Amino acid sequence: MGKRRNSDISFYRLEAASFYKGFTAHAYFYSSERGLPGPVVRRLSDQWDSTDRQWDRNFFLQATYRHTWGSFALKSNLKYAYDWLRYLQDPSTNAAAMHCDNHYRQQDLYSSVSAAWNSSWLSLTASTDLRWSDLTTNVYRSAYVYRLDSKSLLSAIASYRGFEGNIALLYTHIGDHSARSAQSAAALSRFTPMLLASWHRRAFTVRAFHKRIFRAPTLNDLYYTLVGNAQLRPEYTSQFDLGIDLNMFNDRLAMQFDWFEKRTFDLIQTQSMNWPGSIGLDPMLINQGEVRNRGIELSLNWNDRINKDWSYYVGGNFAWLKNWVSNIGVRDANGKPGVWTGDGSFRNLPYCYQDAEGQPLGSFYLIKNGGIFQSDAEAAAYVDKDGNRIQPNAKAGDLKFIDYNNDGKITDADRQYCGSATPKYTFSFSAGFTWKDLTFSAMLQGVAGAKAMNVAKFMTLSDVEGNFNRDSRILDAWSETNRDSDIPRLSKNDPNGNFSTPSDWYLENASYLRLKNVTVSYDLTNLLRKSAHLNSRNSRLSVYVSGENLCTITNYTGIDPECGGWDAMKYPVARTFSFGVKLTY
């Protein structure tokens, strides 16, 4: 057998299932072996070559049992999962490969039992869950860690004359055990409540809901980073929701309105302040800060049947969200709140993100621009209070940057908060009809108030880096004969820093309206059931054609406004056409 190539891939999967009365079982085993992608091999040529391989093995087993005795019901569940990933090159023989996995193995065993009792006005539920997890790897620090956690839930639902109340109490206990016991995290025990109350009167319902949950640090968070923090605490979320449901005109009109307030605190994130940059290690994870979300959600739907052949529906959803950092979690000696510094660097562009109290999470922190200088004289006239030029290298066609702090020069001190990628408004509209055996449906979806950094313009609209394709809009760059352009003049060395300055020239409105889906289907069941055999089996047949992401209305100049706020030529949402046949025999 010849030498294996990096492109060789082999895999197989075995699967089995069993059903008997109230018992079900499902299991599968998966195995694969492959080479590293060629670009990775070339980039890490001092660590890997084309003969290096990796393989992974996965095994999963789940068994469930359900049974009911009158008003009493019992359910039990057992799951086991095993995942093993291994690289066939041994990093111990190559110091440069210290960050590459030689092996990664994780096991999870989960069991649960729940019981419920129901009467005409009261329902009681009790359940307990037990999970055991272990993780072994030689990434960064070789150690074996396992986690044992249990959850117990007690809930009661009572209803009386239109009023319904649900009270639930969840108890969670988590204990970690490390091969290096000195680094084991302290055991965690928490009670978390949930309250739900509603009042129903004919077509009108009022709902109130409150819950408090937490996200515990994972084993990776605690132990498998270069700088671990075994003292990480859980991240907590408290949420309150008040809603109204209304059904009118014989349930043809349905309306739902919700107002919510959500508070997340003790966030698990990397340490952004007071971390020495000279030690050569990434910041560790810590608990820090608080974020709030407040918003409303509205849903309106109308369904109607005109006659036996015609029916139709229209509906829409609208949501408004306000998101902000309510507490940074760090302060200087004078009590002034600090900031969370982010990254967002690209090519020669430095960081573009920073969070501060009162600003949206993930805020863009940029230098604002005042348009393009239309003449050398205009650039020379941009001076400080002492008559010194603020942008000494600026010429006609260059961007004008705002001297926010009025110190006579353009520096990071001139950055301002410029919004975030989180949309303020989200909305959708759907409609459809059925006429005899023909069905049509369509949905529009969009957002407003979102922004995106189109950093791809650094490559596609400048001449600083070259020998690759450009955007055709580069032909519209500013020139003496094209003064209406918003693209600065082209230059090989970019002396004014038009493209290397983290400015809001890259920031664009990412609002859009998209035709998300159109589907047409036709039911051929009546034709199929002309066969006596197929009619006796109640067989059904239908065909459909569907289109996804058919068109987008937006002012965004990048490839796709739905890029998550950062567009470095991210692959866009695909336009998809599909045709299908559905047969039930």
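Some words on the pattern of salt bridges
Moving on, step 1. Tallied over the full model, the rule gives 21 salt bridges.
Moving on, step 2. Of the charged contacts in the structure, one is a salt bridge between Glu 15 and Arg 13, with a shortest N-O distance of 3.2 Å.
Moving on, step 3. A relative accessible area of 45% places Arg 13 in the partly exposed class.
Moving on, step 4. A salt bridge links Asp 245 to Arg 207, with the nearest nitrogen and oxygen atoms 2.9 Å apart. With a gap of 38 residues between them, Asp 245 in strand β11 (residues 235-248) and Arg 207 in strand β10 (residues 204-215) connect regions that are remote in the sequence.
Moving on, step 5. By relative accessible area, which is 13% here, Asp 245 ends up buried.
Moving on, step 6. Connected through salt bridges with shared partners, the residues Glu 261, Arg 263, Glu 290, Arg 292 and Arg 294 form a single ionic network.

Remarks on the pairing of strand β15 (residues 290-305)
Regular strands place their side chains on alternate faces of the sheet.
Moving on, step 1. Of the pairings in the sheet, the one linking strand β12 (residues 253-265) to β15 comprises 13 bridges and is antiparallel in character. Residue Thr 264 lies in a different strand from β15, and its bridge partner there is Val 291.
Moving on, step 2. The pairing of β15 with strand β16 (residues 310-327) spans 16 bridges and is antiparallel. Counterpart to Val 291 in the pairing with β16 is Val 325.
Moving on, step 3. The loop that links β15 with its antiparallel partner β16 comprises 4 residues.

Overview of the side chain of Gln 354
Moving on, step 1. Along the chain, Gln 354 falls in strand β18 (residues 354-355).
Moving on, step 2. The exposure class of Gln 354 is buried, given its relative accessible area of 8%.
Moving on, step 3. A distance of 3.0 Å separates the side chain of Gln 354 from the side chain of Tyr 417, its partner in a polar contact.
Moving on, step 4. Excluding its chain neighbours within four sequence positions, the residues that come into contact with Gln 354 are Val 339, Trp 340, Thr 341, Gly 342, Ser 363, Tyr 365 and Tyr 417.

Section: the nonpolar core
Moving on, step 1. Ranked by size, the top nonpolar core spans 25 residues in total, and within it Phe 364, Leu 366, Met 453, Phe 458, Trp 505, Tyr 506 and Leu 507 carry the most contacts.
Moving on, step 2. Breaking this core down by element, the ones donating at least two residues are β19 (363-367), β21 (399-401) and α4 (457-460).
Moving on, step 3. Apart from the residues lying within four places of it in its own chain, the contact partners of Leu 366 are Cys 352, Asp 414, Arg 415, Gln 416, Cys 418, Met 453, Pro 502, Ser 503, Asp 504 and Leu 507.

Here we look at the confidence of the model for the chain
Moving on, step 1. For the chain, mean pLDDT is 85; residues scoring 70 or higher make up 84% of the total.
Moving on, step 2. This stretch, residues 1-7, has a pLDDT under 50; its non-local contacts, to residues over four places away or in other chains, come to 14 contacts.
Moving on, step 3. Low pLDDT, under 50, characterises residues 90-101; the predicted model gives this stretch 20 contacts beyond four residues in sequence or across chains.

Structural notes on unusual backbone geometry
Moving on, step 1. Look at Asp 266: it is not a glycine, yet its phi comes out positive at around 55°.
Moving on, step 2. Note that Asp 266 resides in the loop between β12 and β13 (268-270).
Moving on, step 3. Classification of Asp 266 as partly exposed rests on a relative accessible area of 21%.
Moving on, step 4. The phi torsion at Asn 538 lies on the positive side, around 55°, for a residue other than glycine.

Some remarks on the side chain of Ser 546
Moving on, step 1. Counting through the fold element by element, Ser 546 comes out in strand β28 (residues 540-554).
Moving on, step 2. At a separation of 3.1 Å, a polar atom in the side chain of Ser 546 contacts the side chain of Thr 519.

As for the packing of aromatic side chains
Moving on, step 1. Within this structure, the stated rule accounts for 19 aromatic pairs.
Moving on, step 2. For the ring pair Tyr 365 and Tyr 417, a centre distance of 4.7 Å and an interplane angle of 40° mean the geometry is tilted. Residue Tyr 365 is located in strand β19, and its partner Tyr 417 is located in strand β22 (residues 415-420); the two are separated by 52 residues in the primary sequence.
Moving on, step 3. Its relative accessible area of 25% is what places Tyr 417 among the partly exposed residues.
Moving on, step 4. Three or more aromatic residues link up through ring pairs in this structure, and these residues are Trp 310, Phe 433, Trp 435 and Phe 440.

Focus: a nonpolar patch on the surface
Moving on, step 1. Among the surface-exposed residues, Phe 163, Trp 199, Phe 204, Phe 240, Leu 242, Ile 244, Phe 257, Trp 259, Leu 298, Leu 300, Phe 318 and Tyr 425 lie close enough to one another that they form a single nonpolar patch of about 990 Å² accessible area.
Moving on, step 2. Where the nonpolar patch is concerned, the elements lending two or more residues are β11, β12 and β15.
Moving on, step 3. A per-element tally of the nonpolar patch places β11 first, with 3 residues.
Moving on, step 4. Of note, Trp 199 is situated in strand β9 (residues 188-201).

Some points on the environment of Leu 78
Moving on, step 1. Along the polypeptide, Leu 78 turns up in strand β4 (residues 72-87).
Moving on, step 2. We classify Leu 78 as partly exposed; its relative accessible area is 42%.
Moving on, step 3. The spatial distance from the C-alpha of Leu 78 to the C-alpha of Tyr 110 is 5.7 Å, given a sequence separation of 32 residues.
Moving on, step 4. Aside from chain neighbours lying at most four places away, what touches Leu 78 is Leu 61, Gln 62, Ala 63, Leu 109, Tyr 110 and Ser 111.

Considering the pairing of β11
Moving on, step 1. Note that β10 and β11 share 12 bridges and pair antiparallel. For Arg 207, the partnering residue across the bridge sits in β11 and is Gly 243.
Moving on, step 2. Here β11 pairs with β12 via 13 bridges, running antiparallel. Each bridged residue has a counterpart across the sheet, and for Gly 243 the counterpart in β12 is Asp 258.

With respect to the environment of Pro 495
Moving on, step 1. Positionally, Pro 495 belongs in the loop between α4 and β26 (507-509).
Moving on, step 2. Sequence separation between Pro 495 and Asn 393 is 102 residues, and the spatial gap between their C-alpha atoms is 6.0 Å.
Moving on, step 3. If we skip the residues at most four places from it in the chain, Pro 495 touches Asn 393 and Arg 489.

The rules behind the values
- Residues numbered from 1 in each chain as written.
- Predicted model: local features only at pLDDT ≥ 70, side-chain atom pairs only at ≥ 80, totals over all residues.
- Heavy atoms only, no water.
- Salt bridge = Lys/Arg side-chain N within 4 Å of Asp/Glu carboxyl O.
- Buried < 20%, exposed > 50% of the residue type's maximum accessible area, 1.4 Å probe, protein only.
- Helix = DSSP H or I, 4+ residues; strand = E, 2+ residues; numbered from the N terminus.
- Pairing = 2+ DSSP bridges.
- Polar contact = N/O pair within 3.5 Å; in protein donor to acceptor, adjacent residues only side chain to side chain.
- Contact = heavy atoms within 4.5 Å.
- Core = buried A, V, L, I, M, F, W, Y, C linked by side-chain atoms within 4.5 Å.
- pLDDT = per-residue confidence, 0-100.
- Phe/Tyr/Trp six-rings, centres within 6.5 Å; stacked < 30°, edge-to-face > 60°.
- Patch = residues over 30% accessible without salt bridge, like charges linked within 9 Å, V, L, I, M, F, W, Y side chains within 5 Å.
- Areas by Shrake-Rupley, 256 points an atom, 1.4 Å probe, with all protein chains shown as cover.

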